[in-house]
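Structure at a glance
The primary structure of each chain is shown beneath.
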Amino acid sequence: MADNIIEFRNFGFKYTAQAEPTLYDINLAVRRGEKVLVCGPSGCGKSTLAHCINGLIPASYSGEATGELLIGGKSFRDLDIFKISKMVGTVLQDSDAQFIGLTVGEDIAFALENDRTPLEEMRRRVADVSRLVGVDKLLHHAPYELSGGLKQRVSLAGVMVDDVDVLLFDEPLANLDPATGKTAIEMIDDIHKRTGKTVVIIEHRLEDVLHRDIDRVVLMGEGRIIADLTPAQLLSSDLLVKSGIREPLYITALKYAGVNINEDIEPQRIETLKLSQTDMDKVRDWYHSVPVSPVRNDRPVILEAKGIGFSYSNGHKALDGIDVEIREGEMMSIVGRNGAGKSTFSKVICGFEKQQRGAIYLKGADIASLSIKERAGHIGYVMQNPNQMISKPMVREEVALGLVLDNRLPKDEIDRRVDDTLRICGLYPFRNWPVSALSYGQKKRVTIASILSMDPEIIILDEPTAGQDYRHYTDIMEFLKELNGKGVTIILITHDMHLMLEYCTRAVVFSDSHKVADAPCEEILTDADVVGKASLKETSLAMLAQMCSIGDPTDFIRRFIIADREARK
Amino acid sequence: MTTFDTRLLAVLAVLAFVVMGLSRIRVSEVKVLFWFSFVFMVLNNLLIFLFSPEHGVSIYGTRHEIAHLFLRYNLVQEQLFYQLNVVLKYLATFPVVIVFVSTTNPSEFASALNRIGVSYRIAYSVSLALRYIPDIQREYHEISIAQQARGLEMASRKQSLFKRLRNAASMLFPLIISSMNRIEVIANAMELRGFGKEKRRTWYSARPFRVADYASIIICVLMLAASILMNVLNGGRYFNPFV
């Protein structure tokens, strides 16, 4: 047992502020040099487990621990966060807030500074480790100027500078677009292979992490370890569906086709997957059996942007010659990498920014003369982070805010509309609750409700499901679909390929301030050129289609979505 | 800088603008600060005149009236000369403050504070506070957009000052919440990397003393000595041309 770097024995933990324990009966051993994924839905205890490993429990979050936890062979009771930080390095999820230093070099050196390392040695070690992760050319840049992927490299360098034994990644994929997420997983794998360090990844996006080999997956649910298996074993079981984790799309497709998934076909990655001739036949038969009915929206155009050009006052050109038509009752997405212009586009539509060229028509009428407030009556905008929107302490007040400020309707009419909205959003039981008592997903609903109460015809949502696990994602998206069914036109700004595929009929792709594609989502995701420009990645479904010699992967995806919608009903 | 010696202030003001020029700060970056200090200076002078129209007389001990204005207000040479000193004092200090704020790297400042004996925890919180100002500005902008979209009028002249203040206050709530989250993340990130472990720490951004540093210290000491010397020679803080 000497080579277990982390070992939980009958470990349990209860936060001081909570009545029930968050972790129960944890028995888990991680061997030196292993690469382990800890997976589970929000609230399953995986973050708490991570905090126990890196010492933030009990340093920042107090509570009661039972049982034993050994880190590097020593009991956690004899260690403190500083001793643990010499053994376990934590890479927090991509967030500007975690950077301490003003420059990349300074940020990487932070741990060394606290160790009173002399300047010369510090410079040398920073140079070494920054070369290892590939940021040595960026030492004088400010971390927040870098792209999401590079930021992650900087935070990794900042913990590796200490020569730790364990690298702990806390949700490394949150906030990264699909292409960057893929590179992040490749980078982690590369560092693991080159340094032989133990790697623990906490993440709920299973398919993305499995892009590279993982030794074991620890599946958690409701504070317990449900399974501790190899990826192949896990995918061969039905545990994922039961615990609310999204299984890889190709696995879902294989299951629909009736293919028996077991360890022998090596299902852990699409690249390793071995399908027999019979299995391929099954997939092809299933593909042909899915009925296609052409979906066409020929309702009138509700919003039209014509030749929109916009540059910021610093001269940065954000939009150039953008033409987009949106039809009534549509649910569509705008995709593209960070800085491609998609957020600016929505700001121009809502009037937060004023375009220099082109015009926007709402039901055929130019809206150039409408103020932000007047536009808001037609086009609602829901920001990504609900905490930035909510300004009233109580749910009811927050949802009523827009109508109260508008000050045109009589009070009982406002009350009636607010009640209606609360019911539609499933928030009626919480109407007199303080907003702070709600979960993140519920807060998101409150922000949507607060926009909905103003009765807009169009709602624009910026990354509505960012950072949400599969269950919350489904909750939010099904709710939006319901709204869409009631006639509200919905525009989603997103990186999430699943979201596009499953809920949108059409996507507009922005790249470098231009529109580069405007097509059904399945066509976008099978066009290698567009996929690259939008920083998306090819879906495993297309690869599965290829593997089974299905000539038209786009059609395969289309039929998969139809079948999937049927199955989920 | 306790001196009101006109000759010294004039020299210092010229020097301040030379330093400003040398710093290569673009005017557009500090325009707002400049306007702010200018308005403040004008306001200060008006108020001095309003409340103490003959303050100069009590300082310099003589009274040379030029003209009568209205009520108890007269145009007096001594008062004009005193207020000229006030203006010079502004001109001598504001450029220096602006240069300090916009050219000092917060990390280097923190490392310097620590070196002269300020606890590194305090030095670091100063540096972090400076570092987060742009982040919080961005956040404020985002929040204000979200509120305006719901009909909150921010800059409208149609509304009373009270209502505008109340509207601005309603943006504080989300701003505080998101700042608290930010603080939690940064505090954890710092602790995970050993902040606060030792009594002392080293600084990656520490700069060794160079000739220019010694030179500027000597210049500062000389300027201080000059102002003390002037105090002694003038027999007070003021240079009196009227006797």
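Residues numbered from 1 in each chain as written. Chains lettered and ligands numbered in written order. Predicted model: local features only at pLDDT ≥ 70, side-chain atom pairs only at ≥ 80, totals over all residues. Heavy atoms only, no water.

**Topic: the overall build of chain A**
Tallying secondary structure elements over chain A gives 24 helices and 20 strands in all. Taking 569 residues into account, the globule formula puts the C-alpha radius of gyration at 25 Å, and chain A, at 25 Å, falls close to it. On the principal axes, the C-alpha backbone points of chain A span a range of 75 × 60 × 50 Å. Burial statistics for chain A: of 569 residues in total, 57% are counted as buried. When contacts within chain A are restricted to residue pairs at least 6 apart in sequence, long-range pairs at least 24 apart make up 69% of them. Accessible surface computed for chain A: about 22700 Å², of which carbon and sulfur atoms make up 49%. When the 69 positive and 84 negative side-chain charges of chain A are each reduced to one mean point, those points stand 2 Å apart. (Helix = DSSP H or I, 4+ residues; strand = E, 2+ residues; numbered from the N terminus. Rg over C-alpha atoms; globule rule 2.2 N^0.38 Å. Buried < 20%, exposed > 50% of the residue type's maximum accessible area, 1.4 Å probe, protein only. Contact = heavy atoms within 4.5 Å. Areas by Shrake-Rupley, 256 points an atom, 1.4 Å probe, with all protein chains shown as cover. Lys, Arg positive; Asp, Glu negative; His and termini not counted. Charge placed at Lys NZ, Arg CZ, Asp CG, Glu CD.)

**With respect to the sheet that holds strand 6 (residues 88–91) of chain A**
Residue and element names in this part refer to chain A. Overall, mixed pairing links the six strands, which are arranged 6-7-8-3-9-10 in an open sheet. Looking at which strands have only one partner, the edges of the open sheet turn out to be strand 6 and strand 10 (224–229). Strand-to-strand twist of the sheet, defined as the mean angle between neighbouring strand axes without regard to direction, takes the value 20°. Relative to strand 8 (residues 198–202), strand 3 (residues 35–39) runs parallel, the two being bridged by four bridges. Residue pairing for strand 8: Lys35 is matched across the bridge by Val199. (Pairing = 2+ DSSP bridges. Axes fitted to C-alpha atoms, helices over the stretch in contact; angles between N-to-C directions.)

**Points about the pattern of salt bridges**
Residue and element names in this part refer to chain A. Evaluated as defined, the whole model comprises 56 salt bridges over all chains. Notably, a salt bridge pairs Lys255 with Glu247, separated by 2.9 Å at the nearest N-O pair. Relative accessible area serves as the criterion here: at 33%, Lys255 is assigned to the partly exposed category. Exposure remark for Glu247: the relative accessible area of 11% places this residue in the buried category. Residues Glu522 and Arg558 are paired through a salt bridge, measuring 2.8 Å at the closest nitrogen-oxygen approach. Linking Glu522 in helix 21 (residues 521–525) with Arg558 in helix 24 (residues 553–568), this pair joins segments that are 36 residues apart in sequence. The exposure class assigned to Glu522 is buried, which follows from its relative accessible area of 9%. Because the salt bridges share partners, they merge into one network encompassing Lys35, Glu186, Asp189, Lys193 and Arg212. (Salt bridge = Lys/Arg side-chain N within 4 Å of Asp/Glu carboxyl O.)

**A few points about the layout of surface pockets**
Residue and element names in this part refer to chain B. Here the second largest pocket defines a volume of roughly 1800 Å³. For the second largest pocket, the lining is made up of 43 residues, of which Phe100, Asp213, Ser216, Ile217 and Cys220 are closest to its centre. The set of elements that each furnish at least two residues to the lining of the second largest pocket consists of helix 1 (6–22), helix 4 (77–103), helix 5 (106–115) and helix 9 (211–234). No other element matches helix 9, which puts nine residues into the lining of the second largest pocket. (1 Å grid on protein atoms, 1.4 Å probe; cavity = no way out; pocket = protein on both sides within 12 Å on 5 of 7 lines; lining within 4 Å. Points joined across faces, edges and corners; volume = space filled by probe spheres on them.)

**What to know about the packing of aromatic side chains**
Aromatic ring pairs: the centre-centre distance and the angle between the two ring planes describe each pair. Throughout the structure, instances matching the rule amount to 33 aromatic pairs over all chains. Taking the centre distance of 5.8 Å and the plane angle of 50° together, the rings of Tyr287(A) and Phe556(A) count as tilted. Of the two residues, Tyr287(A) sits in helix 12 (residues 277–289) while Phe556(A) sits in helix 24, which places them 269 residues apart along the sequence. On the basis of relative accessibility, which here comes to 7%, the residue Tyr287(A) falls in the buried class. Given a relative accessible area of 0%, Phe556(A) falls into the buried group. Taking NZ or CZ as reference, Arg7(B) lies 3.8 Å from the ring centre of Phe239(B), over its face. (Phe/Tyr/Trp six-rings, centres within 6.5 Å; stacked < 30°, edge-to-face > 60°. Lys NZ or Arg CZ within 6 Å of the ring centre and 35° of its normal.)

**Some details on the domain arrangement of chain B**
What the domain assignment reports for chain B is domain 1 (6–104) and domain 2 (107–192). A C-alpha centroid distance of 32 Å is found between domain 1 of chain B and domain 2 of chain B. (Domains from an automatic or database assignment.)

**Remarks on the nonpolar core**
Side chains of a nonpolar character, in soluble globular proteins, are inclined to be buried together. Of all hydrophobic cores here, the largest spans 157 residues; its most connected members are Ile108(A), Leu156(A), Leu303(A), Leu480(A) and Leu544(A). For this core, the leading source of residues is helix 19 (residues 470–485) of chain A, giving six residues. Residues in contact with Ile108(A), not counting those within four places in the same chain, are Val126(A), Val129(A), Ser130(A), Val135(A), Leu139(A), Val154(A), Ala157(A), Gly158(A), Val161(A) and Arg193(B). (Core = buried A, V, L, I, M, F, W, Y, C linked by side-chain atoms within 4.5 Å.)

**Points about the pairing of strand 13 (residues 331–335) of chain A**
Residues and elements named next belong to chain A. Burial within strand 13 is extensive, with five of its five residues counted as buried. What you see with strand 13 is no split at all: Met331, Ser333 and Val335 on one side and Met332 and Ile334 on the other are buried throughout. As paired strands, strand 13 and strand 18 (residues 489–493) are joined by four bridges and run parallel to one another. Within the sheet, the bridge partner assigned to Met331 lies in strand 18 and is Ile490.

**What to know about the packing of helix 11 (residues 249–256) of chain A against helix 23 (residues 540–547) of chain A**
Residues and elements named next belong to chain A. Packing of helix 11 against helix 23 brings their axes to within 8 Å, and their N-to-C directions diverge by 50°. Here helix 11 lies oblique to helix 23, going by the angle between them. When you trace helix 11 past helix 23, the crossing you get is right-handed. Here helix 11 contributes Leu249, Tyr250, Ala253 and Leu254 to the contact with helix 23, which in turn contributes Ser540, Leu541 and Leu544. Considering only residue class, the contact of helix 11 with helix 23 consists of six nonpolar, one polar and no charged. (Parallel < 35°, antiparallel > 145°, perpendicular 65-115°, else oblique. Left-handed = near helix turned anticlockwise from the far one by under 90°. Nonpolar A, V, L, I, M, F, W, Y, C, P; charged D, E, K, R; others polar.)

**What about the sheet that holds strand 12 (residues 317–327) of chain A?**
Residues and elements named next belong to chain A. Spatial ordering of the open sheet is given by 12-11-14-15, a layout of four strands whose pairing is antiparallel. Looking at the sheet topology across the chains shown, the edges are occupied by strand 12 and strand 15 (365–366). Note that strand 11 (residues 301–311) and strand 12 share seven bridges and pair antiparallel. If you follow Ser311 over to strand 12, its bridge partner there is Lys317. The strands touched by helix 13 (residues 342–350) are strand 11, strand 12 and strand 14 (357–362); relative to strand 12, the strand with the most contacts, the crossing angle is about 65°.

**Topic: the interface of chain B and chain A**
Counting from both sides, the interface comprises 48 residues of chain B and, opposite them, 59 residues of chain A. Between chain B and chain A, roughly 4900 Å² of surface is buried when both sides are summed, and carbon and sulfur atoms account for 57% of that area. On the chain B side of the contact with chain A, Arg150(B), Arg193(B) and Tyr204(B) bury the most area, a combined 22% of that side's loss. Between chain B and chain A we count five salt bridges in total. Across the pair Arg193(B) and Asp107(A) runs a salt bridge whose closest N-O atoms are separated by 3.5 Å. Our count for the chain B to chain A interface comes out at 20 residue pairs in polar contact (both at pLDDT 80 or more). Put simply, the parts of the chain that give the side of chain B that touches chain A at least two residues each are helix 5, helix 6 (120–149) and helix 8 (172–192) of chain B. Of the residues in the side of chain B that touches chain A, the class split is 21 nonpolar, twelve polar and 15 charged. (Buried area = accessible area lost by both parts, 1.4 Å probe. Polar contact = N/O pair within 3.5 Å; in protein donor to acceptor, adjacent residues only side chain to side chain.)

**Concerning the domain arrangement of chain A**
Accessible area lost upon the coming together of the parts is a frequently used measure of interface size. Residue and element names in this part refer to chain A. Each domain of chain A was delimited in the assignment, giving domain 1 (4–239) and domain 2 (248–289 + 539–569). Every contact between the two is made by twelve residues of domain 1 and, on the other side, twelve residues of domain 2. Summing the contributions of domain 1 and of domain 2, the shared interface buries around 990 Å²; its carbon and sulfur component is 54%. For the domain 1 face of the interface with domain 2, the top three residues by lost area are Glu207, Leu235 and Ser236, together amounting to 50%. The tally of links from domain 1 across to domain 2 stands at one salt bridge. Here Asp213 makes a salt bridge to Arg269, at a shortest N to O gap of 3.0 Å. Contributing elements (two or more residues each) for the side of domain 1 that touches domain 2: helix 8 (206–209) and helix 9 (231–236). Looking at the side of domain 1 that touches domain 2 element by element, the count peaks at five residues for helix 9. Counted by class, the side of domain 1 that touches domain 2 contains five nonpolar, four polar and three charged residues.

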